[in-house]
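If you want the building blocks of each chain, they are given just below.
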Amino acid sequence: MGRAGAQAGRLGTALALVAALGLALRLSVPTPHAVADAPHGDTSIPGTPVQVSQEACGSGWSGGAAGPVTLALWNASGRNAEAALENASTHEYLLYAENLGADVTRSVTVTLGPGSYRLLCFVDDETGVAGPAQQVTGSYAGALTPAVLPVSTTDLIEPLLAYQRWISGRLTILQNKLARFEKRLHRGDWERAKRSWLATHRAWIVLGAAYDTFGDVGDAIDGRPTAGVDPATDRSLTGFHKIEALLWAQGRPTRHRMRAVILPAVRTMAASVTRIQQGWGTTFQVAPIDMGLRTHEILEDGLRWDLTGRTDAGSHTTLAALDAEVTGTRAVLSFLRPLLQPRDRDLAATDAWLHRFKADVDRYHRAKHVWAPLQDLGTGQLERLHADLDQTLEYLSEIAVLTDPEKVYQ
Amino acid sequence: MSGVSRRGLIGGLGTAAATAAVAAAAPALLRNGEGASAATPTAPTDTAYSFEGAHQAGILTPVQRCASYVAFDVTAADRAELVAMFRTLTEQSRFLMTGGTPPDHGLTATTADDGILGPSVPADGLTVTTSVGASLFDGRFGLGARRPQRLVRMPAFDDDALDRAWCDGDVLLQIGADNNDTVAHALRQIMRATRGALQPRWRMDGFQSPPRPSGTPRNLLGYKDGTANPSTSDEDLMDQLVWTHAGGGEPAWVEGGSYHVVRLIRMLVEFWDRVSVREQNNIFGRDKATGAPLTGSHEKDTPDYGDDGTGTPLIFGDAHIRRASNSGNPGGSRMLRRSFNYDRGVDANGNLDMGLIFTAFNQDLERQFATVQRRLAGESLVDYILPYGGGYFFALPGVSGSGDWLGRGMFA
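Since the model is a prediction, treat every value here as computed from it, not as a measurement.

Right, let's get into the interface of chain A and chain B. Counting residues at the interface gives 34 residues for chain A and 26 residues for chain B. Residue assignment for the side of chain A that touches chain B shows that the elements contributing at least two residues are β2 (64-65), β3 (67-75), β5 (93-100), β6 (105-112) and α10 (379-402) of chain A. Looking at the side of chain A that touches chain B, the element that brings in the most residues is α10 of chain A, giving twelve residues.

What follows is the structure, given as structure tokens:
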């Protein structure tokens, strides 16, 4: 999944959050503009020409009949700008045009029902302005563009802080499990050490570090085995899957091997977790947009790497990992829930499918630390797991769209 | 919408209507006598087949250039979810075959359409034909009593080497279109809309070759394939050979459907290319260059299976067309073939993996396909082909109106 671009974007959003926290956004009331000069822009772009600017936001569109409306948004501000079409009564958004460069004309289409609508313009370094409300009248038999309340960066602050606090707590739990894991290795208790590996790995997975919040430190902790390379001898592999390969290698490892080879690898990993704990909230932080992305990306990783068997370095605990990924997903979801309740019409269906997928995974949970190997599942069983996860992901992916931060007019 | 420009109006109509208008403009230009030197239309012509009708499209429809066959296992939890899947499949197929602007999710979800065909979806000769396999009528959905009488799991015939991972399925989609991107788009959209209810079991993509140089298109053994097909414009004949009818043991809902046979047949082309054309002609009973039977001059000449009193017929006893021919069986073993070639890379030994997606529509599996297939047992061609996949399916009756949906009769 090519998320490199998204990463850069998220860094930008993180900076925006800092700005939002530091500045009290003051939004001005627009002066009624008497723009006689017709808005233009690139006239080859289809749609009613509408201006995006500080002075004449929305000029060029005057409402009309319900149905499909195509606007040619022209950024006349001379700077980068964003624009939203808002239902003036409910303040729900119907479209949001991002990254409108100076003098760019972009065609956008929405299907409007009767009501009062206005364009909001957000020119870089300016307070947001609202264009005059325009009336759309009559009725339209076809499907309308659904409207939804925007989520602002400010709206995301509280869930974000709560999630970060939750992660802090989970990091402590992870450290405790690592300490127990170390003791068991030190004692040479192989069976218990293997159980500890699984418990510790699951404690890591629920952090939802799916997408590089922890950067290189995260890779050192949970780097994935390379296809076709023996994970036990792969010098570039460290962390959980290296330790897994060593613990589950043929035959019981000697007490010496556990102390001299495996234990140091666990200690290195514990040190990495300590680095994360120390830098949590400063070096390592979750960007506002990440919360929404996480809600599907944790399980996207599950689909791509776990359910394909790619992350199994010998323990055959893929299903236990998927189960922990559901837990991690539910955690993110729980912090976003207040924002989703008035916005996500599929929230109940999302919960139901997540429940269905987890129940399906848990069918193979035999005892406390015992899960059926993925390899033992038949075609029909795998098809069901895939179907449930695929459908769950379709619903979860909506959340990233619904919580993608947008500028709001206040 | 006051003060809207003409340009703006067209933009606002970026829908099926606009697409149709552009498509219609091309022939109109020619009709108006503005010769070939007139401005070339920028949009390609767009063929749309009707989604609704007594029968599904993709059966009598002229064979498109591109196709994908995908068999699915149903993962729906119960009958209600299965019904919902068929309704969704109907809705998707209807939209995709008609074309137009996809629904707008606004800021509430990811886009409804993947966009690979541009903002307005052309019909592009698309047909989505939905068929069901015998396994759908097991105990899972309470459909046991509704099974079309002749629908069974495809048996292994003599000379078959079936790999069951490449056979059968609860539901088969046969997707055809004028271009590959349209086939890929339809499959992607349908699979996305039915994720929780359908999981793919096997898939084979195919293509139809253009006439080389004329007549019936050729298969990858170089022979014209489908010459003896019955005429799809002969409604009475189609009623006897293709469409299933209620009664005589068949449940009422099968009226207007058809038994859909798919056979994945690999052609061992390296070996085949080391065989002389004279021998190849004898294996088929036709002339490779013209497609004419060995007893004729033109492709459409009727083969003569007699021996002209010499004791040795020109078309050998184990020749493909003699074995497949209907001449000894006036009871009607003819079927409607609608096959595609396939070409999908190389096998582990470096041999080309190509062949035929044999497709046939039948009123009666036993009377038609199975009878012919048994006659082919031991034909000379078996050394050069390997039938390994496919299955028996039942193409559902057509959708009769905007409130109807595929498979409704099964659940009634």
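Now that the structure has been shown, the text picks up again.
We now examine the nonpolar core. V52, L73, A83 and C121 of chain A are the most contacted members of the largest nonpolar core, which totals 105 residues. Among the elements that make up this core, the one with the highest residue count is helix α8 (residues 318-340) of chain A (eleven residues). What V52 of chain A contacts, discounting residues up to four positions off in sequence, is C57, L73, W74, N75, A76, S77, A81, A83, L100 and C121 of chain A. F86, M335, L381 and L396 of chain B belong to the second-largest nonpolar core, a separate cluster that totals 83 residues.

The peptide bond linking R212 of chain B to P213 of chain B adopts the cis configuration, its omega dihedral lying at -5°. Of note, P213 of chain B is situated in the loop between β4 (198-207) and α5 (235-241). Positive phi values are uncommon outside glycine, yet D103 of chain A reaches one of about 70°. Relative to the assigned elements, D103 of chain A resides in the loop between β5 and β6. Here D168 of chain B, not a glycine, exhibits a phi torsion of approximately 65°, which is positive. Within the secondary structure layout, D168 of chain B lies in the loop between β2 (127-133) and β3 (171-177).

Okay, the environment of L100 of chain A next. Residues and elements named next belong to chain A. You can see L100 is positioned in strand β5. Judged by local crowding, L100 falls into the buried class, with 22 C-beta atoms found within 10 Å. For L100 and L246, which are 146 residues apart along the polypeptide, the C-alpha to C-alpha distance reads 53 Å. If sequence neighbours within four positions are ignored, L100 has contacts with V52, L73, N75, N80, A81, E82, A83 and R106.

Quick notes on the rules
- Residues numbered from 1 in each chain as written.
- Chains lettered and ligands numbered in written order.
- Predicted model: local features only at pLDDT ≥ 70, side-chain atom pairs only at ≥ 80, totals over all residues.
- Contact = placed C-beta atoms within 7 Å.
- Helix = DSSP H or I, 4+ residues; strand = E, 2+ residues; numbered from the N terminus.
- Core = buried A, V, L, I, M, F, W, Y, C linked by C-beta atoms within 7 Å.
- Buried ≥ 20, exposed ≤ 12 C-beta atoms within 10 Å, placed from the backbone.

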